[in-house]
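# Coordinates in review
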Amino acid sequence: MTKLSRGLESAARWLAYALIFFVPLVAIPSAPEPLEIHKQTVLVVLTLGAFLAWACSMVARRELSIRTGWIHAFPLLVLGATIASAAASPAPYLSWIGGSGQEYMSALTIFALTVLYYVVVNALGSEREDS
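My aim in this report is to walk through the structure given alongside it, one point at a time.

## A closer look at helix α3 (residues 74-87)
- Helix length check: α3 (14 residues) gives 20 Å between terminal C-alpha atoms against 20 Å at 1.5 Å per residue, within 8%.
- Every buried residue of α3 is accounted for by P75, L79, T82 and A86. One side of α3 carries all its buried residues, which in axial view fall inside an arc of 65°. Residues F74, L77 and A87 are exposed on α3 and point more than 90 degrees away from its buried face.

## Concerning the nonpolar core
- If you look at the biggest cluster of nonpolar residues, it comprises eight residues: A12, A50, A53, W54, M58, V115, V119 and A123.
- Considering every element that reaches this core, the biggest residue donor is helix α2 (residues 36-61), with four residues.
- Sequence-distant contacts of V115, defined by excluding residues within four places in its chain, comprise T47 and F51.

## With respect to unusual backbone geometry
- Residues other than glycine seldom take positive phi values, yet R62 does so here, at roughly 60°.
- Mapped onto the fold, R62 is located in the loop between α2 and α3.

## With respect to the packing of aromatic side chains
- Scanning the model with the defined rule gives four aromatic pairs in all.
- Each ring, one from W14 and one from Y17, has its centre 5.6 Å from the other, and the planes form 80°; the classification is edge-to-face. With W14 and Y17 both in helix α1 (residues 3-22) and three residues apart, this pair spans about one turn of that helix.
- In this structure Y17 comes out as partly exposed when scored by relative accessible area, which is 33%.

## Description of the packing of α1 against α2
- Between α1 and α2, the shortest axis-to-axis distance is 8 Å and the interhelical angle comes to 160°. In terms of their interaxial angle, α1 and α2 are classed as roughly antiparallel. As for the relative orientation of α1 and α2, their crossing is left-handed in sense. Facing L4, S5, L8, E9, A11, A12, L15, A16, A18 and L19 of α1, the residues of α2 in contact are V42, L43, L46, T47, G49, A50, A53, W54, C56, S57, A60 and R61.
- Of the residues in the contact of α1 with α2, the class split is 16 nonpolar, four polar and two charged.

The rules behind each value
- Residues numbered from 1 in each chain as written.
- Predicted model: local features only at pLDDT ≥ 70, side-chain atom pairs only at ≥ 80, totals over all residues.
- Heavy atoms only, no water.
- Helix = DSSP H or I, 4+ residues; strand = E, 2+ residues; numbered from the N terminus.
- Expected span 1.5 Å × (residues − 1).
- Buried < 20%, exposed > 50% of the residue type's maximum accessible area, 1.4 Å probe, protein only.
- Arc of directions from axis to C-beta.
- Core = buried A, V, L, I, M, F, W, Y, C linked by side-chain atoms within 4.5 Å.
- Contact = heavy atoms within 4.5 Å.
- Phe/Tyr/Trp six-rings, centres within 6.5 Å; stacked < 30°, edge-to-face > 60°.
- Axes fitted to C-alpha atoms, helices over the stretch in contact; angles between N-to-C directions.
- Parallel < 35°, antiparallel > 145°, perpendicular 65-115°, else oblique.
- Left-handed = near helix turned anticlockwise from the far one by under 90°.
- Nonpolar A, V, L, I, M, F, W, Y, C, P; charged D, E, K, R; others polar.

So, in structure tokens, the structure goes:
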């Protein structure tokens, strides 16, 4: 494993840890909805950063390593059901992005949580093996 790939994998781990720490703490009292949209924004941005760091670490290693197993298909099934529901919804913005206190039920949040699941399983799981 090269120094670059180790650094990127470490960045993915730290972003996942930051996400776990910061999402419960995010609240901006002056906003109309003090909790939901800000938590969704932190979730999406940090998850995207962790995913990019993890994916770039695999590119730096020139190796695609993803854990497989039947249990890892469950988040994809939930995501698929959420996307199908959002696609058939008469209120597209509310289904895809969420609105006024309902962001936790949006397709964007479920997508970010699904990506976070795979980052945590793969990037944080390899930490135990490397030690």
